[in-house]
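Chain by chain, the residues run as shown.
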Amino acid sequence: MRVRIALAEKGIEYESRGENVMNNSDLLLEMNPVIKQIPVLIHKSKPICESLIIVEYIDEVWKHKSAFLPCDPYQRAQARFWADFVEKKVYSLGRKMWDSTGEAQEAAKKELISCFKLLEVELGEKPYFGGESFGFVDLALIPSCCWSLWFEECGINMAGEFPKIFAWAERCMDRESVAKSVPDRHRVYAFLVELRKKLFAKH
């Protein structure tokens with residue numbers, strides 16, 4: 001999602017190729033032999049792997065439109081810090097909340113709520129995490145919006161507990177690049193519920 005949004009924001013035309021994550025293609029194994037996962041951006045016959053690294057690459061190569069990362073070194077470092085926080089905390093805890101039950105799930109939920117509290121403060125009154133422009137941290141976090149119904153199922157009321165993040169998400173979803181790239185949250189919720197049933201049926 002991040003890569004598709006970034007390319008759309010820059011107005012870059014590209015060819016997209018789907019992958020069966022259960023049966024990696026020869027092309028994927030050739031382009032990403034280390035991690036063997038998508039996404040992979042192939043530019044000038046060279047692969048770039050990992051979504052946030054790809055987003056930075058896109059930002060550095062196609063400079064004709066607004067930058068995702070600020071010019072100031074300190075602000076760039078801060079943006080990278082929060083994007084890394086989102087990657088290592090929000091998504092990993094969201095997954096833990098999905099693939100666990102009982103005390104483990106409750107512990108993941110509490111920690112995720114703490115993360116959202118920190119992000120709510122960091123966002124503050126700004127329209128986007130970087131200020132007036134949609135940027136790197138927004139790109140890092142926005143795919144989590146498609147998990148919102150699962151968060152609610154687990155007892156996290158995003159609109160009530162984190163109104164600034166909720167309003168930010170609505171603002172991001174109004175962008176054409178995001179609306180076309182982020183899957184419908186109801187479909188994602190149904191998929192997560194069905195997959196979770198299969199996961200626990202094996203135990």
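Shown above is the structure to which this text applies.
Residues numbered from 1 in each chain as written. Predicted model: local features only at pLDDT ≥ 70, side-chain atom pairs only at ≥ 80, totals over all residues. Heavy atoms only, no water.

J.: An account of the overall build of the protein is needed here, citing residue identities and associated values.
T.: Counting secondary structure elements, the protein contains 11 helices and 2 strands. Each helix and strand of the protein, ordered N terminal to C terminal, gives the series α-α-β-β-α-α-α-α-α-α-α-α-α. A burial count over the protein gives 41% of its 203 residues as buried. For the protein, restricting intrachain contacts to residue pairs at least 6 apart in sequence, the fraction spanning at least 24 positions comes to 67%. Working note: accessible area of the protein is about 12,000 Å², and carbon and sulfur atoms make up 53% of it. (Helix = DSSP H or I, 4+ residues; strand = E, 2+ residues; numbered from the N terminus. Buried < 20%, exposed > 50% of the residue type's maximum accessible area, 1.4 Å probe, protein only. Contact = heavy atoms within 4.5 Å. Areas by Shrake-Rupley, 256 points an atom, 1.4 Å probe, with all protein chains shown as cover.)

J.: Got a sec to walk through the side chain of N32? Specific residues and values, please.
T.: By the element assignment, N32 lies in the loop between α2 (26–31) and β1 (40–43). With relative accessibility at 3%, the residue N32 sits in the buried group. Here the side chain of N32 touches Q37 through a polar contact of 2.8 Å, landing on its backbone oxygen. With residues near it in sequence (within four places) discarded, N32 still touches Q37, V40 and C49. (Polar contact = N/O pair within 3.5 Å; in protein donor to acceptor, adjacent residues only side chain to side chain.)

J.: Residues and numbers for a nonpolar patch on the surface, please.
T.: Side chains of V21, M22 and I38 sit close together on the surface and give an oily, nonpolar patch of about 360 Å² of accessible area. The exposed category is assigned to V21, whose relative accessible area is 61%. (Patch = residues over 30% accessible without salt bridge, like charges linked within 9 Å, V, L, I, M, F, W, Y side chains within 5 Å. Salt bridge = Lys/Arg side-chain N within 4 Å of Asp/Glu carboxyl O.)

J.: Which residues make up the pairing of strand β2 (residues 46–49), and what values go with them?
T.: Each regular strand shows side chains that alternate between the opposite faces of the sheet. Bridge analysis of β1 against β2 gives 4 bridges, and the strand direction is antiparallel. When the bridges of β2 are listed, L41 appears paired with I48. Taking the residues that link successive antiparallel strands as the turn, the β1-β2 hairpin has 2 residues, and the phi of K44 there is positive, at about 55°. (Pairing = 2+ DSSP bridges.)

J.: Describe the packing of aromatic side chains, listing the residues and the values that go with them.
T.: Applying the stated criterion across every chain, the model contains 6 aromatic pairs. Aromatic pair F81 and W82: ring centres 5.2 Å apart, planes at 85°, arrangement edge-to-face. Here the aromatic rings of F116 and F151 are separated by 5.8 Å at their centres, their planes lie at 65°, and the arrangement is edge-to-face. In this pair, F116 sits in helix α5 (residues 102–123) while F151 sits in helix α7 (residues 148–153), placing the two residues 35 residues apart along the sequence. We note K10 situated over the ring of F68; from NZ or CZ to the ring centre the distance is 4.9 Å. (Phe/Tyr/Trp six-rings, centres within 6.5 Å; stacked < 30°, edge-to-face > 60°. Lys NZ or Arg CZ within 6 Å of the ring centre and 35° of its normal.)

J.: Tell me about the pattern of salt bridges, and name the residues and values.
T.: All chains considered together, the criterion is met by 10 salt bridges. Close ionic contact of R175 with E9 constitutes a salt bridge, the shortest N to O distance being 3.0 Å. Of this pair, R175 sits in the loop between α9 (163–173) and α10 (176–179) while E9 sits in helix α1 (residues 2–10), placing them 166 residues apart in sequence. A relative accessible area of 17% places E9 in the buried class. Salt-bridge contacts for E152 lead to R185; the nearest nitrogen and oxygen are separated by 4.0 Å. Taken together, the residues span a long stretch of sequence, with E152 in helix α7 and R185 in helix α11 (residues 185–201) at a distance of 33 residues. Residue classification places E152 among the partly exposed positions, given a relative accessible area of 40%.

J.: Summarise the state of the cysteines; cite the residues concerned and give the values.
T.: Enumeration over the complete set of coordinates arrives at 0 disulfides. Left unpaired, C146 is separated from the closest cysteine sulfur, that of C145, by 7.7 Å. (Disulfide = S-S within 2.5 Å.)

J.: Got a sec to walk through the packing of α1 against helix α3 (residues 51–61)? Specific residues and values, please.
T.: Running from N to C, α1 and α3 cross one another at 10°; their axes reach a closest spacing of 9 Å. Of the possible angle classes, the one that applies to α1 and α3 is roughly parallel. Side by side, α1 and α3 meet where R2, V3, A6, L7 and K10 of the first sit next to S51, L52, I54, V55, I58 and D59 of the second. (Axes fitted to C-alpha atoms, helices over the stretch in contact; angles between N-to-C directions. Parallel < 35°, antiparallel > 145°, perpendicular 65-115°, else oblique.)

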